[in-house]
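Analysis of the macromolecular model
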Amino acid sequence: MQTEYFQLQNGMWIISHHDPTSPLIHISMDIKVGASVDSIPGIAHVCEHLLFTGTQNFPDYDQVLLEHGATNNAWTAYDNSNFHCTAPPESLPKLLEVEADRLANVSEYLNETVFQTEKSVVFNEMNESFHDDPYHPLMLEEYASLFGPNHPYGHPIIGLHDDLEKIELETVRAFLKEWYQPANATLLIAGGFDRQILSDALDTHMKPLVGHESIEQPQPFPPQRPFSTHTQMYVQASYGYVGLDWILPPISSSILIAANILCDILSAAQYGLLYRDIELDLRWASEVETDLYAMKIASVFSISAVVHEELHREKVKNRILYHLDRIANGLLDPLLLKKSKKKFKLYWLLQHEDIEERVERYQEWLRFHANLSGLKAYTESFQQVTMSELQGLARHLLSTPYLTLDGFPKQS
Amino acid sequence: MIETTHIHGWKVYHYQKKDAPDIVSIRLLFPNYNNDRQIGLSHLYNRLLLTQIQEASDRFIIGGDIAIGTDYTHRLISIDTLQEDFSDFFALIRTSIATFEVSDEELEQEKLLIKQEKHQERSQSKILLDALGQEKFFGCHHPFRYDVEGSVHSIDGFSPQDLKAPNLVQHGIIITVSAQGIAEVSSQLDSLLPKQAASNGVVLPPPQTEWGSYLMPYEQQEQAHLLYLRRTLPNTHPLYDAMQLGLMSLTSMFNSRLNQKLRKHEGLTYGVQSYHRSMSDFGYLSISLSVDKNRVAEARAYTQEILGSCTENWTFSELDIAKKIMLRTSLQCQTTCARIADHIEARILRNQEPWYREDWTTQIRNIALSEVKEAMRLFSSSPVLDLCTGASEGFSSSFRTTFPQKYQ
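Residues numbered from 1 in each chain as written. Chains lettered and ligands numbered in written order. Predicted model: local features only at pLDDT ≥ 70, side-chain atom pairs only at ≥ 80, totals over all residues.

Digging into the overall build of chain B
For chain B, the helix and strand inventory stands at 13 helices and 12 strands. For 408 residues, the compact-globule estimate of 2.2 N^0.38 gives 22 Å, and the C-alpha radius of gyration of chain B, at 23 Å, lies within 12% of that figure. Referenced to the eigenvectors of the C-alpha coordinate spread, the extents of chain B come out at roughly 65 × 55 × 35 Å. Considering only contacts within chain B whose residues lie at least 6 apart along the sequence, 82% involve residues at least 24 apart. (Helix = DSSP H or I, 4+ residues; strand = E, 2+ residues; numbered from the N terminus. Rg over C-alpha atoms; globule rule 2.2 N^0.38 Å. Contact = placed C-beta atoms within 7 Å.)

Quick look at the structure:
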């Protein structure tokens, strides 16, 4: 296995990860544009959709990929948008040709009919989410409550219904031209490809791309406290929802390693403190989850649960704080830390085994670091987390204001 | 891939992935399906077993993920673990199964939790419509008519006595995927597997579908849901693979006929979803989509037109794409221990031809367009079960208004 990364003259970063044991190749194009730079909330996500609508050279993007045995998908986050596909190795030149073509030409080829059709698909996507989760409207308000409406993270990635209505063809065209530039792109190619074929394909398709320089947005300081400390909503549901959200430092902070371990210790399916306590023993809640969403400006540490009886709502919140308090006071069983470390040892092995996950980790790392040299040390640092670091993190959480999300079923 | 019967009576599938890191993926399958009165019993047992495994694991430091699942015909335990913990983890599960015991209070608490979750599902109209489709497709006495969790009524009826039956370790199948060879794995299993009767399969009754069109009343929301169910060829049919290719082109790829029209050309939906399951005696396909409540008639017309003409206009290009995607997917299934194990498990559950059989790739490559056309002709001879919720206008009098019994 050999990994190389270098920058083309047009500013595009290339990561090539050659693994001859892989029967497939994985191509991932990461663009440094996400919801945090939305000129209208939701526009970065709409643009992600529009990248699939074709150009004069390749009017049906999906069709070209399918003809080469490739399947593809994409997602938009706050800090970036990602387009990826998996294919047989022989399709590499064609896939790079198509990627280069859409980066250069999609904004010009767009027309009103295509734009309105895709906008309608996005409306459907938004509406479907409401049906999959009755508390989706509360989730749409979560980041506005946490960061405030004027913060780059202060709106949902998909935007709100009224925002989507405002997005027009010329606005997306301008947005695409501004952000979908080679200098904002990192292209990753991994798997069992022929290195000479890759080199030729890069020369033919990626090097000739021209564009303006990469745009560096001014980075606001991470907020120290949530914009609001309580948000509630009544929705048509048969159960309640409780969530506690804390703002933590950005992805580059080393505190997030301990935060990952803390998430696991609180909610892991076999030994998680909250899972075992409020879900299995007390039966006050179900679907106890913790999450750490690490981002460029700030990260979000969240704990949530579903409550079936309203009389348990406050007790669940108190129990979450009770367990954090015990950890803050040095009462965490050291066995749990050992278990969690073992789990992360397995986790990194599993991630490394899967070429897609392995290289996505590389790409994510390079999004925030200048080179890959620190990645191995990062994965190993999970084994170095100490009881006192967890204690310090729990103290920090207890002494920091947090956002409480209360979702109430309408009938209560 | 080695398929063998262990001296203790277990059917063993071992796949040696020589370049695997120090991990091992294990899948345990216990053939079993619940009779009419016992729908949901396997699921209940599995949940209680998982709790007991979790409690028993307190004293171990094991690097492993365990998941317990229930399929209609099997109970499933999935483990991905560090090689160094394989024996400990396996012994833990074996002991938990052997010593499984549940008090009346624990049983009642778990039943209550499952019922609460059932209640929770009432907030999701898509889940309710799927449940209605299942009931109508399989008919009133088929074990597939409810999801594997059963109904509130069936869950209420379970006693500690009922839980003794699935407690017996019998007819077990084990799948292992690791860098080790079969001899090494087999010697480890000698001390880990209990003795049991030889594995056997599960025979299901045929479905008794109540064909027709159904409207499920539900509070008006932005989106309406449409669901179509159809019979498919059993996986023992000579044209089964040809039909699979046809169904991929019809429903399941980004550029499938349905997605092409409904999403790409008309923007009517975020995407058409499909699920196909075929067993040795019958198969079924479900197609679902969510659309704006004001555009239901349009979406229904396009869907019916495409389903109605699914025997026509097949091209070499369509067939070629479907073959490429099927073959690429099979390659992707071979990239990690967990994916290989999951794939072998899926093949066992559906009693299908495995990709690891040497002539499988050739078999797929050789399928002719005429075979796809004939397979789709046979597929299209099935009537259609047509269901909708979230909209109230534009339906003919042939639509019957009904709600899933499971949630009544």
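Text resumes after the structure shown.
Regarding the overall build of chain A
A count of helical and extended segments in chain A gives 15 helices and 11 strands. Here the C-alpha atoms of chain A give a radius of gyration of 23 Å, agreeing with the 22 Å that 2.2 N^0.38 yields for 412 residues. Taken over the C-alpha atoms alone, chain A extends approximately 60 × 45 × 40 Å along its principal axes. Taking contacts inside chain A between residues at least 6 apart in sequence as the whole, the part at least 24 apart equals 79%.

Section: helix 4 (residues 125-138) of chain B
In an α-helix, one turn spans 3.6 residues, which is why side chains three or four residues apart end up on the same side. Residues and elements named next belong to chain B. Between its first and last C-alpha atoms helix 4 spans 20 Å; for 14 residues at 1.5 Å apiece the expected length is 20 Å, and the two agree. Taking burial as the measure, the 14 residues of helix 4 include 13 buried ones, the bulk of the element. One or two steps after helix 4, the chain reaches Gly139, where phi turns positive at roughly 85 degrees. (Expected span 1.5 Å × (residues − 1). Buried ≥ 20, exposed ≤ 12 C-beta atoms within 10 Å, placed from the backbone.)

Quick word on the packing of helix 3 (residues 92-109) of chain A against helix 8 (residues 195-206) of chain A
Residues and elements named next belong to chain A. Remark: helix 3 packs on helix 8, axes separated minimally by 9 Å, with the N-to-C direction vectors making an angle of 25 degrees. Our classification of the angle between helix 3 and helix 8 gives roughly parallel. Judged by the twist between their axes, the crossing of helix 3 over helix 8 is right-handed. Every residue of helix 8 that contacts helix 3 at Leu92, Pro93, Leu96, Glu97 and Ala100 is listed here: Ile197, Leu198, Ala201, Leu202, His205 and Met206. Grouping the constituent residues of the contact of helix 3 with helix 8 by class yields 9 nonpolar, 1 polar and 1 charged. (Axes fitted to C-alpha atoms, helices over the stretch in contact; angles between N-to-C directions. Parallel < 35°, antiparallel > 145°, perpendicular 65-115°, else oblique. Left-handed = near helix turned anticlockwise from the far one by under 90°. Nonpolar A, V, L, I, M, F, W, Y, C, P; charged D, E, K, R; others polar.)

Quick word on the environment of His225 of chain B
In this fold, His225 of chain B is placed in strand 8 (residues 223-232). In sequence terms His225 of chain B and Tyr45 of chain B are 180 residues apart; their C-alpha atoms lie 33 Å from each other.

Some details on the interface of chain B and chain A
With 52 residues of chain B in contact, the opposing surface of chain A contributes 46 residues. Taken together, the residues of the side of chain B that touches chain A sort by class into 16 nonpolar, 23 polar and 13 charged.

Describing the pairing of strand 9 (residues 273-278) of chain B
Residue and element names in this part refer to chain B. Bridge count for strand 9 against strand 10 (residues 283-292) is 6 bridges, and the pairing is antiparallel. Within the sheet, the bridge partner assigned to His276 lies in strand 10 and is Leu285. Joining the antiparallel neighbours strand 9 and strand 10 is a turn of 4 residues. (Pairing = 2+ DSSP bridges.)

Focus: the nonpolar core
Counting residues in hydrophobic clusters, the biggest one holds 169 residues, and the most contacted among them are Cys47 and Val172 of chain A. For this core, the leading source of residues is helix 3 of chain A, giving 7 residues. Among residues more than four places away in sequence, those in contact with Val172 of chain A are Ile43, Val46, Cys47, Leu50, Phe115 and Ile167 of chain A. Core analysis: the next-biggest nonpolar cluster, separate from the first, contains 46 residues, Leu350 of chain A together with Leu28, Phe86 and Cys337 of chain B among them. (Core = buried A, V, L, I, M, F, W, Y, C linked by C-beta atoms within 7 Å.)

Quick look at the packing of helix 1 (residues 41-56) of chain B against helix 2 (residues 86-98) of chain B
The geometry of a pair of packed helices is captured by two quantities: the angle between their axes and the separation between those axes. Residues and elements named next belong to chain B. For the pair helix 1 and helix 2, the least separation of the axes is 9 Å and the interaxial angle reads 125 degrees. In terms of their interaxial angle, helix 1 and helix 2 are classed as oblique. As helix 1 runs across helix 2, the sense of the crossing is right-handed. Of the residues in helix 2, those touching helix 1 at Leu49, Gln52, Ile53 and Ala56 are Leu92, Ile93, Thr95, Ser96 and Ile97. For the contact of helix 1 with helix 2, the class distribution of residues is 6 nonpolar, 3 polar and no charged.

A closer look at the sheet that holds strand 4 (residues 71-76) of chain A
In a beta sheet, neighbouring strands pair by backbone hydrogen bonds and run either parallel or antiparallel. All names here are of chain A. The strand order 1-2-6-3-5-4 describes an open sheet built from 6 strands, whose pairing is mixed. On the outer flanks of this sheet lie strand 1 (2-7) and strand 4, each paired with one strand and no other. Adjacent strand axes in the sheet meet at a mean angle of 10 degrees, parallel and antiparallel pairs treated alike. Across 6 bridges, strand 2 (residues 13-18) lies against strand 6 (residues 185-191) in parallel orientation. Bridge pairing in strand 6 places Ile14 opposite Leu187. Against the sheet, helix 3 contacts strand 3 (25-31), strand 5 (81-87) and strand 6, and its axis sits at roughly 15 degrees relative to strand 3.

A look at helix 11 (residues 337-350) of chain B
With 14 residues, helix 11 of chain B ought to run about 20 Å at 1.5 Å a step, and its terminal C-alpha atoms sit 20 Å apart, in line with that. Of the residues making up helix 11 of chain B, those classed as buried are Cys337, Ala338, Ile340, Ala341, His343, Ile344, Glu345 and Ile348 of chain B. The inward-facing, buried residues of helix 11 of chain B abut helix 12 (334-353) of chain A together with strand 2 (11-16), strand 3 (23-31), strand 5 (74-82) and strand 6 (173-178) of chain B.

Examining the confidence of the model for chain B
Put simply, chain B has an average pLDDT of 86, and 93% of its residues get 70 or more. Our summary of model confidence lists the complex with pTM equal to 0.92 and ipTM equal to 0.89. (pLDDT = per-residue confidence, 0-100.)

Digging into unusual backbone geometry
In this model, Arg283 of chain A sits at a positive phi of 60 degrees, which is unusual for a non-glycine residue. With respect to the secondary-structure elements, Arg283 of chain A resides in the loop between helix 10 (273-281) and strand 9 (285-293). The backbone phi angle of Asn313 of chain B is positive, close to 60 degrees, even though this residue is not glycine. Positionally, Asn313 of chain B belongs in the loop between helix 9 (296-308) and helix 10 (316-332).

As for the sheet that holds strand 5 of chain B
Residues and elements named next belong to chain B. One open sheet accounts for 6 strands, arranged 1-2-6-3-5-4; its pairing is mixed. Each edge of the open sheet carries a strand with a single partner, namely strand 1 (2-5) and strand 4 (64-70). Taken pair by pair, the neighbouring strands of this sheet meet at an average axis angle of 15 degrees, ignoring direction. Where strand 3 lies against strand 6, 5 bridges are found, and the strand directions are antiparallel. Looking at strand 6, one finds that Ser25 is bridged to Val177. Contacts from helix 2 reach strand 3, strand 4 and strand 5 within the one sheet, and its direction differs from that of strand 5 by about 150 degrees.

Here we look at the environment of Leu76 of chain B
Residue and element names in this part refer to chain B. With respect to the helices, strands and loops of the structure, Leu76 is situated in strand 5. Given 19 C-beta atoms within a 10 Å radius, Leu76 is considered partly exposed. The sequence separation of Leu76 and Ala391 amounts to 315 residues, and the corresponding C-alpha distance is 38 Å. Ignoring anything within four residues of it in the chain, the contact list for Leu76 reads Arg27, Leu29, Ile68, Gly69, Thr70, Asp71 and Glu345.

A short note on the environment of Leu311 of chain A
For Leu311 of chain A, the position within the fold is in the loop between strand 10 (299-307) and helix 11 (313-328). Along the sequence, Leu311 of chain A and Glu141 of chain A sit 170 residues apart, while their C-alpha atoms lie 25 Å from each other.

Regarding the pairing of strand 5 of chain B
All names here are of chain B. Across the 9 residues of strand 5, 7 count as buried, placing the element largely inside the fold. Note: strand 3 against strand 5, 9 bridges, orientation antiparallel. When the bridges of strand 5 are listed, Pro31 appears paired with His74. Note: strand 4 against strand 5, 7 bridges, orientation antiparallel. Residue pairing in the sheet places Thr70 in a bridge with Arg75 of strand 5. Between the antiparallel neighbours strand 4 and strand 5 lie 3 residues.

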